[in-house]
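For reference, the chains in residue letters:
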Amino acid sequence: PGLEAKAEALASRLASGDPPHAPAALLAAEIAVARTDQRTAAKWFQHIRTHAPPGDIVAVRAKMLEAKFLL
């Protein structure tokens, strides 16, 4: 259980860094989705939309995960 919190903290730190790390934001979103934390997941999905190029695999995976989560 503690490992998930550590992974989330590290992913959040990397995703919010300069430059932002989109794969880390996707990991943070995946962890939030697993916890059914809609607010946090939405924050990371928005972060990915802002920082990942539209055709990038991270952006595509994030769109798929977000759509699945919202269903």
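Each chain has its residues counted from 1, following the order in which its sequence is written. Where totals are concerned, whole chains, interfaces and linings use all residues; where local detail is concerned, this predicted model gives features only for residues with pLDDT of at least 70, and gives and counts side-chain atom pairs only at 80 or more. Only hydrogens and water are removed before side-chain values are computed, so all heavy atoms of the structure are retained for them.

**Examining the nonpolar core**
To be explicit about the condition: Buried Ala, Val, Leu, Ile, Met, Phe, Trp, Tyr and Cys residues that are joined via side-chain atoms within 4.5 Å together make up what is termed a nonpolar core. Throughout this description, buried means an accessible area under 20% of the type-specific maximum (1.4 Å probe, protein chains only), exposed means over 50%, and partly exposed covers the range between. The helix count covers DSSP runs of H or I at least four residues long, the strand count covers runs of E at least two residues long, and both are numbered beginning at the N terminus. The contact criterion used throughout is that any non-hydrogen atoms of two residues lie within 4.5 Å.
Ranked by internal contacts, the top residues of the largest apolar core, which has 19 residues, are Leu26, Trp44, Phe45 and Ile48. When residues of this core are traced back to their parent elements, those giving at least two are α1 (2-15), α2 (22-34), α3 (38-51) and α4 (57-70). Ranked by residues supplied to this core, first place goes to α2 with eight residues. The contact partners of isoleucine 48, leaving out residues within four places of it in the chain, are Ala22, Ala25, Leu26, Val58, Ala59 and Ala62.

**What about the packing of α3 against α4?**
To keep things clear, this is the line we draw: Lines fitted to C-alpha atoms define the axes here, with helix axes fitted over just the stretch in contact, and angles between the N-to-C directions of these axes take values from 0 to 180 degrees. For classification purposes, angles smaller than 35 degrees are called roughly parallel, those larger than 145 roughly antiparallel, those between 65 and 115 roughly perpendicular, and all remaining angles oblique. Crossings are classed by handedness, with left-handed meaning an anticlockwise turn of the near helix from the far one by less than a right angle and right-handed meaning a clockwise turn. Residues are sorted three ways: Asp, Glu, Lys and Arg are charged, Ala, Val, Leu, Ile, Met, Phe, Trp, Tyr, Cys and Pro are nonpolar, and all the rest, Gly among them, are polar.
Contact geometry of α3 with α4 gives a least axis separation of 10 Å together with a crossing angle of 150°. The angle between the axes of α3 and α4 places the two elements in the roughly antiparallel class. Pair α3 / α4 crosses with left-handed handedness. Contacts between α3 and α4 involve Gln38, Ala41, Phe45, Ile48 and Arg49 on the former and, on the latter, Val58, Ala59, Ala62, Leu65, Glu66, Phe69 and Leu70. Of the residues that constitute the contact of α3 with α4, the class distribution is nine nonpolar, one polar and two charged.

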